[in-house]
Amino acid sequence: MNKEIIKFLRKNYEMTQRDFAKLVNCSFALIALVEVGKRNVSQDLEKKVKSAFNLDDQDIQSITSIISEFSKGIPPFM
């Protein structure tokens, strides 16, 4: 899991960084630092995010593919 997945999930659910942090039970500062690349996603944070959003490794892979397609400028569902 990386910062792009964190940001994608947060924005997809229309959450502020503070709301996202509350949901996954971590500090707002950690989410802010992760999103700007100053902190990596720890195993603990990954576990909390997966639990909060009921995600498994396949879901994470799917999100990664969607992010990759967006970065190419290609809509993923066309």
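Residue numbering note: each chain is counted from 1, following its sequence as written. Owing to the predicted nature of the model, reporting of local features is limited to residues with pLDDT of at least 70; listing and counting of side-chain atom pairs is limited to 80 or more, with chain, interface and lining totals taken over all residues. Hydrogens and water are ignored here; the side-chain numbers use all heavy atoms of the structure.

Attention now goes to the confidence of the model for the chain. The predictor attaches a confidence to each residue, and that confidence, scored 0 to 100, is pLDDT. The pLDDT averaged across the chain works out to 92; a share of 94% of its residues lies at or above 70. The way it works is that DSSP assigns letters per residue, a run of H or I at least four long becomes a helix, a run of E at least two long becomes a strand, and they are numbered from the N terminus. The secondary-structure element of the chain with the lowest mean pLDDT is helix 5 (residues 57-71), recorded at 91, while helix 2 (residues 17-24) shows the highest, at 98.

A word on the side chain of Glu 35. Structurally, Glu 35 can be placed in helix 3 (residues 28-35). The rule is simple: take the accessible area with a 1.4 Å probe, protein chains only, and divide by the maximum for that residue type; under 20% is buried, over 50% is exposed, in between is partly exposed. Accessibility expressed as a relative area gives 9% for Glu 35, which makes it buried. For this analysis, a polar contact is any N or O atom pair within 3.5 Å, provided that within protein one partner can donate a hydrogen and the other can accept it, and provided that sequence-adjacent residues contribute only side-chain to side-chain pairs. A distance of 2.6 Å separates polar atoms of two side chains, one belonging to Glu 35 and the other to Arg 10. Engagement of the side chain of Glu 35 in a polar contact is seen with the side chain of Gln 17, the distance being 2.9 Å.

Salt bridge, as used here, is a side-chain nitrogen of Lys or Arg placed within 4 Å of a carboxyl oxygen of Asp or Glu. Counted according to the given criterion, the structure contains four salt bridges. A salt bridge links Asp 44 to Lys 48, with the shortest nitrogen-to-oxygen separation between them at 3.6 Å. With Asp 44 and Lys 48 both in helix 4 (residues 43-53), this residue pair falls four residues apart, about one helical turn. Between Lys 50 and Glu 46 there is a salt bridge, and its shortest N-O distance comes to 3.2 Å. Of this pair, Lys 50 and Glu 46 both sit in helix 4, four residues apart, which is roughly one turn of the helix.

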